[in-house]
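# Residue-level structural notes
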Amino acid sequence: MKHMKFKYIALLLPAFVLGGCDFMDCDESTDYQKQDIFESFDRSKKMVTNIYSYLPQDFCNTSDAMLDAATDDAIHVYKSSAIQYFVNGTWSANHLVDDVWSKYYTAIRSANLYLKEAEGQNFEDWEHSKNYEDMMKTYRNFPYEVRFLRAFYYFELIKRYHNVPLVTTVLTQEEVNEVIPESCEKVAQFIMQECAEIAPILPVSYKSGFADKETGRITRGAALALKARVALYMASPLFSADDTDKWEKAAKAAYEIIGSASELGYKLDKFANLFGAANNTSTEVILARSTGENGDFEKANFPMGVEGGKTSTCPTQNLVDAFEMKSSGNEFDWNNPAMKANPYADRDPRLAMTVVYNNMEWPAAKKVEIWEGGANGLPLANATTTGYYLRKYVNKDISFASGSTVTKKHHNWILFRYAEVLLNYAEAMANAYGPDVAGDETCPMTAREAVNQVRNRSDIKMPAFPTGMSKEDFIKRLKNERRVELAFEGHRFWDIRRWKDLSKTADIYRVKIEKTGDNFNYAKLLHETRTITDNLYFYPISNTEKYKNPNLGQNPGW
């Protein structure tokens, strides 16, 4: 594990100045000696912000692709991307993709160093400053923010690599290369315990009581949301046998947020408000990671044929079929002639806010022509091969046409939002009690009531899940609801693993569209069949890391 290159005197990695901007939305790279860092509040603050900088985002951040392109929800149109390793059988301990081992252990090391060296600092030289008390209030909160970040990074490691070293102190180089992995269960318990301890201390919001009003900082709700997500994962089939106690604990963890939603300031927002430039201000968003003002994601995902667009993530027919009929809540059926003739009519409103389909006005007033021979369809080079383009998170207000004055907008990647918490609760309750049974006062809402809140948001209004569903039917439909609600938010890749559903995702479908006169003909076709093996449930540990520390071992099948 030599990639964790630690020095006895740490240098601050690229740091971010806070000023009056978003907590993650400024950049100033510089180096400081350890003594400088911990004797200056501003430099200590920059070190904390550096630890924040490791928070993930997936605006085509996985080998220039979205991680969803390694699921049955999407494909990446360019075969040169390493994202293809996940699905074409070439992934190995020497042929890596999304290898974040070194990245997150570097972040964890920085967190451990901060927690060790920052303790007891009081910046005496500033104690007569009029801003001293505000400064110290912020400083006293930093350790709890850093403990959350360290816990979050450990979760990113265990969901990929399973058993990993659990390091909470600053190690020497020799010690680093001799660490032994702890069980995934022990690391998960550490994460949940950290969240439980820091949540009551963290503020509900930074809008009042703090001199700096930065958005994107760790709140009480973020700590509770991480705890709830980890509890759900650890109850899931990949990590546990069918353990009712673990499902109950996951439900209770999610309800800590649901039962305190008013106090924490969370409620469901319009779905249309969740993925634009100001989504980090939504009442539904618990934690978002800003990537600043840019148009890169739009360049990557505007359709071919739209000026500046080059295609990247193409939703599959598999995903489009998952969106139910708006009027009835029934599944879409290709064997129904009326549905097949007009496959995008009367569909769940989230479809049109997630996927760009044929004849939709996008990104401006002109309709996209995805039929064969159309302006945005095959055989145009690098046009979508599935019949769809991505809409979620893509900002249509950006234009790369000649004379455009809007070529970039703010982007914020959602890490936690309230709808996920409701769906986490619904899944845990359904597994623990069934669809229509409530627990005690720590989880008094039924699974069905929770998921119906999500479906009933003001601009969606999908028919409610009915009473009387069997546990198996409810969970199957709930998985579909989660897929539809959270598409392209970084969940599907992990959900199909923790559910042990990978074998169900091999066949990838597309739509073939032909135009005759003013009419379209739609046909569902097999696009590709992917390589699915049991070793894909966890990542391989790099052979380079294993060479440096043989104690790391290797995950089965690699």
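This write-up is about the structure you can find in this document. (Residues numbered from 1 in each chain as written. Predicted model: local features only at pLDDT ≥ 70, side-chain atom pairs only at ≥ 80, totals over all residues. Heavy atoms only, no water.)

We now examine the pairing of strand β6 (residues 409-417). Judged by how many residues are buried, β6 sits mostly within the fold: seven of nine residues are covered. Relative to β6, strand β2 (residues 285-294) runs antiparallel, the two sharing eight bridges. Within the sheet, the bridge partner assigned to alanine 288 lies in β6 and is isoleucine 414. (Buried < 20%, exposed > 50% of the residue type's maximum accessible area, 1.4 Å probe, protein only. Helix = DSSP H or I, 4+ residues; strand = E, 2+ residues; numbered from the N terminus. Pairing = 2+ DSSP bridges.)

Okay, the packing of helix α5 (residues 132-161) against helix α8 (residues 220-235) next. When two helices pack together, their arrangement is given by the angle between the helix axes and by the axis-to-axis distance. Between α5 and α8, the least distance of the axes is 11 Å, while the angle of their chain directions is 20 degrees. Here α5 is positioned roughly parallel relative to α8, judged by the angle of their axes. As α5 packs across α8, the resulting crossing turns out to be left-handed. Listed contacts from α8 to Phe148, Ala151, Phe152, Phe155 and Lys159 of α5 are Ala222, Ala223, Leu226, Arg229, Val230 and Tyr233. Of the residues assigned to the contact of α5 with α8, the class counts are nine nonpolar, no polar and two charged. (Axes fitted to C-alpha atoms, helices over the stretch in contact; angles between N-to-C directions. Parallel < 35°, antiparallel > 145°, perpendicular 65-115°, else oblique. Left-handed = near helix turned anticlockwise from the far one by under 90°. Contact = heavy atoms within 4.5 Å. Nonpolar A, V, L, I, M, F, W, Y, C, P; charged D, E, K, R; others polar.)

Should their charged atoms come close, side chains of opposite charge can pair. Inspection of the entire model under this criterion finds 41 salt bridges. Of the charged contacts in the structure, one is a salt bridge between arginine 483 and aspartate 73, with a shortest N-O distance of 2.7 Å. Taken together, the residues span a long stretch of sequence, with arginine 483 in helix α17 (residues 471-485) and aspartate 73 in the loop between α2 (41-52) and β1 (74-76) at a distance of 410 residues. We classify aspartate 73 as buried; its relative accessible area is 0%. Residue aspartate 495 is joined to arginine 482 by a salt bridge in which the shortest nitrogen-to-oxygen separation is 2.6 Å. Of the two residues, aspartate 495 sits in helix α18 (residues 492-498) while arginine 482 sits in helix α17, which places them 13 residues apart along the sequence. The class for aspartate 495 is buried, based on a relative accessible area of 3%. (Salt bridge = Lys/Arg side-chain N within 4 Å of Asp/Glu carboxyl O.)

Okay, helix α4 (residues 101-117) next. Look at α4: 24 Å from first C-alpha to last across 17 residues, which is about the 24 Å you get at 1.5 Å a residue. A large share of α4 lies buried, amounting to 14 of its 17 residues. (Expected span 1.5 Å × (residues − 1).)

Here we come to the environment of asparagine 131. Along the chain, asparagine 131 turns up in the loop between α4 and α5. On the basis of relative accessibility, which here comes to 43%, the residue asparagine 131 falls in the partly exposed class. Each C-alpha atom, one on asparagine 131 and one on alanine 211, is 8.6 Å from the other, the two residues being 80 residues apart in sequence.

Now for unusual backbone geometry. The residue after tryptophan 362, namely proline 363, is reached through a cis peptide bond having omega -5 degrees. Within the secondary structure layout, proline 363 lies in the loop between β4 (355-356) and β5 (389-390). Residue proline 379 follows leucine 378 across a cis peptide bond; omega there is 10 degrees. Within the fold, proline 379 resides in the loop between β4 and β5. With a phi close to 55 degrees, aspartate 98 is a non-glycine residue in the positive phi region. Inspection of the secondary structure assignment puts aspartate 98 in the loop between α3 (85-88) and α4. The phi torsion at threonine 311 lies on the positive side, around 65 degrees, for a residue other than glycine. For threonine 311, a relative accessible area of 0% translates into the label buried.

In short, the description is geometric, and any link to function would need to be established separately.
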